[in-house]
Amino acid sequence: MYNKLLIAIDLNDLKSAKYVVDTCLALTEHNPDAVYRVVTIIEPVDDSFIAAFLPKNFDKSVVEEANKALHEFTKANFPEGSKVQHIVAHGTIYEEINRIAEEKSVDLIVMLASSKPEAKGLSSNTVKVARNTDKPVLILR
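As the structure is a computational prediction, the values presented were derived from the model and not from experiment. (Residues numbered from 1 in each chain as written. Predicted model: local features only at pLDDT ≥ 70, side-chain atom pairs only at ≥ 80, totals over all residues. Heavy atoms only, no water.)

Caption draft 1: Looking closely at the overall build of the protein. Looking only at helices and strands, the protein has five helices and five strands in total. Scanning the protein from its N terminus toward the C terminus, one meets helices and strands in the order β-α-β-α-α-β-α-β-α-β. Over its C-alpha atoms the protein spans a radius of gyration of 15 Å, differing by no more than 12% from the 14 Å that the globule rule assigns to 141 residues. Across its three principal directions, the C-alpha atoms of the protein cover 50 × 30 × 30 Å. Residues classed as buried in the protein amount to 40% of the 141 residues present. Intrachain contacts of the protein at a sequence separation of at least 6 include 73% that bridge at least 24 residues. When the accessible area of the protein is evaluated, it comes to approximately 8,500 Å², of which 51% is carbon and sulfur surface. Across the protein, the mean location of the 17 positive side-chain charges is 1 Å away from that of the 20 negative side-chain charges. (Helix = DSSP H or I, 4+ residues; strand = E, 2+ residues; numbered from the N terminus. Rg over C-alpha atoms; globule rule 2.2 N^0.38 Å. Buried < 20%, exposed > 50% of the residue type's maximum accessible area, 1.4 Å probe, protein only. Contact = heavy atoms within 4.5 Å. Areas by Shrake-Rupley, 256 points an atom, 1.4 Å probe, with all protein chains shown as cover. Lys, Arg positive; Asp, Glu negative; His and termini not counted. Charge placed at Lys NZ, Arg CZ, Asp CG, Glu CD.)

Here's what the structure looks like:
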């Protein structure tokens, strides 16, 4: 039985994010001790040309907005009383998911095969998460 789930979602695709959450809720339906660590990752703007035109604290304000959106999403999609931890990370997607999974000692990582709904295979981030972790990974299509 899984008690501590790391749920990786993309706030740009709330329909898919809801699908991931619904799957996790079904997995833990009879487990009142389940803890859901819901993570969304903000990738840094690496292009120095674009970064030169952005405000000084752009990344910080994006993280704050993502945190607000993540709280709204979980409030709407988890039953009241669920043990939900909100995590907004800033960095490379697969590195942050693996770091958080290790740091939080999760029992299962749950994520989509790809953030692109029409994709036929696995995204590079999904492959790298699975390749670089010792945690079980549930990959959803």
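Caption draft 2: Seen up close, the side chain of glutamate 96. In this structure, glutamate 96 sits in helix H4 (residues 93-103). Here the side chain of glutamate 96 touches arginine 99 through a polar contact of 2.7 Å, side chain to side chain. Setting aside anything within four residues of it in sequence, one finds glutamate 96 in contact with Ile41, Ala89, His90 and Gly91. (Polar contact = N/O pair within 3.5 Å; in protein donor to acceptor, adjacent residues only side chain to side chain.)

Caption draft 3: Structural view of the pairing of strand S4 (residues 108-112). For S4, the buried fraction is high: five of the five residues fall into the buried class. Relative to S4, strand S1 (residues 4-8) is paired through three bridges, and the arrangement is parallel. Note that in S4 the partner of isoleucine 7 across the bridge is valine 110. Taken together, the four bridges between S4 and strand S5 (residues 137-140) define a ladder with parallel strand orientation. Within S5, the residue paired with leucine 112 across the bridge is leucine 140. (Pairing = 2+ DSSP bridges.)

Caption draft 4: Spotlight on helix H1 (residues 14-27). The end-to-end C-alpha separation of H1 is 20 Å, in line with the 20 Å expected for 14 residues at 1.5 Å each. For H1, every residue scored as buried is listed here: Ser16, Ala17, Val20, Val21, Thr23, Cys24 and Leu25. (Expected span 1.5 Å × (residues − 1).)

Caption draft 5: Focus on the environment of isoleucine 109. Note on placement: isoleucine 109 falls in strand S4. Accessibility expressed as a relative area gives 0% for isoleucine 109, which makes it buried. As for isoleucine 109 and leucine 138, which are separated by 29 residues in sequence, their C-alpha atoms are 6.1 Å apart. Isoleucine 109 has contacts with Leu6, Ile97, Asn98, Ala101, Val129, Thr133, Lys135, Pro136, Val137 and Leu138, leaving out every residue within four places of it along the chain.

Caption draft 6: Highlighting the pairing of S1. For S1, the tally of buried residues reaches four of five residues, placing the bulk of the element in the interior. The pairing of S1 with strand S2 (residues 35-42) spans five bridges and is classified as parallel. What sits directly across from lysine 4, in S2, is valine 35. The handedness of the S1 to S2 crossover, carried by H1, is right-handed. (Right-handed = clockwise from strand over helix to strand, strands pointing away.)

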